[in-house]
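Now for the letters of each chain:
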Amino acid sequence: MKKIILLGYMGCGKSTIAQKLSGIIETPYIDLDDYIEKKVKMSIKEIFETHGEIHFRKLEHTYFVELLNSPDEIIVGLGGGTPCYANNHELLIGNGITSIYLKASIDTLFNRLVINKSKRPLIADKNDEEMKEFIAKHLFDRSYYYNHAQHKVNVDGKSVEETVNDILNLLA
Ligand code: S3P
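Because the structure is a prediction, the values reported are computed rather than measured.

On to the pattern of salt bridges, then. If you walk through the whole model with that rule in mind, you get eight salt bridges. The partner of E161 in a salt bridge is K20, and the shortest N-O contact between them spans 3.5 Å. Taken together, the residues span a long stretch of sequence, with E161 in helix α7 (residues 160–171) and K20 in helix α1 (residues 14–25) at a distance of 141 residues. Since its relative accessible area comes to 42%, E161 is described here as partly exposed. Judged by its relative accessible area of 36%, K20 falls in the partly exposed class. A salt bridge links E66 to K39, with the shortest nitrogen-to-oxygen separation between them at 3.0 Å. One end of the pair, E66, is in helix α4 (residues 53–68); the other, K39, is in helix α2 (residues 32–40), and 27 residues separate them in sequence.

Written out as structure tokens, the structure is:
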């Protein structure tokens, strides 16, 4: 069954956009972070704190594959790091898969992340200056993996509706 995969850096709007898209195309949306939290009965923050990032990356791979193998037609919103570990980027291309990279600039990401960083272990303890530098370097490293998506949609300066329309045009 068909899967639509939305990916991109933390704060690019994956969840908001996926929820809106889900309502319009009447296809259920599953957020991979939420799915992991339900499966292991711990928050992402607790998983990082208790077991460390490597353990989280293993869970992330396992449950990403589980969702890809499910018989349902679904929209999957990945975590910002999902495509960058365990060869997950190779899973962005395949039969019945439409993968879309929601591309945002460093400024867009910073402005969105600065107001809600506590739930994100990778940036929670950084001040503004450290965060901007971190995002710039991290995004550069990760772009290689993000660019394996079949499609790219730029989200800078666009409303959720405009971005969803761009996606609908891709899917048409
Ligand atoms: C991460 C992004 C988070 C979550 C975890 C690690 C990352 O997801 O998976 O905190 O490595 O970029 P969001 O992109 O949904 O915030």
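Turning our attention to the UniProt feature "binding site: substrate" (unreviewed entry) in the protein chain. UniProt tags D33, R57, G80 and R142 as "binding site: substrate" (unreviewed entry). Discounting chain neighbours no more than four positions away, the residues touching R142 are Y9, R57, G80, G81, C84, Y85 and L122. Looking at R142, its side chain comes within polar contact range of the main-chain oxygen of G80, at 3.3 Å.

With that out of the way, let us pick up the packing of helix α5 (residues 106–113) against helix α6 (residues 128–146). Between α5 and α6, the least distance of the axes is 10 Å, while the angle of their chain directions is 135 degrees. In terms of axis orientation, α5 runs oblique to α6. The chirality of how α5 crosses α6 is right-handed. Together, I106, D107, L109, F110 and L113 of α5 and D128, M131, K132, I135, A136 and L139 of α6 make up the contact between the two elements. Tallied by class, the residues present in the contact of α5 with α6 amount to eight nonpolar, no polar and three charged.

What counts as what
- Residues numbered from 1 in each chain as written.
- Predicted model: local features only at pLDDT ≥ 70, side-chain atom pairs only at ≥ 80, totals over all residues.
- Heavy atoms only, no water.
- Salt bridge = Lys/Arg side-chain N within 4 Å of Asp/Glu carboxyl O.
- Helix = DSSP H or I, 4+ residues; strand = E, 2+ residues; numbered from the N terminus.
- Buried < 20%, exposed > 50% of the residue type's maximum accessible area, 1.4 Å probe, protein only.
- UniProt positions renumbered as here; feature names shortened; annotations may be inferred.
- Contact = heavy atoms within 4.5 Å.
- Polar contact = N/O pair within 3.5 Å; in protein donor to acceptor, adjacent residues only side chain to side chain.
- Axes fitted to C-alpha atoms, helices over the stretch in contact; angles between N-to-C directions.
- Parallel < 35°, antiparallel > 145°, perpendicular 65-115°, else oblique.
- Left-handed = near helix turned anticlockwise from the far one by under 90°.
- Nonpolar A, V, L, I, M, F, W, Y, C, P; charged D, E, K, R; others polar.

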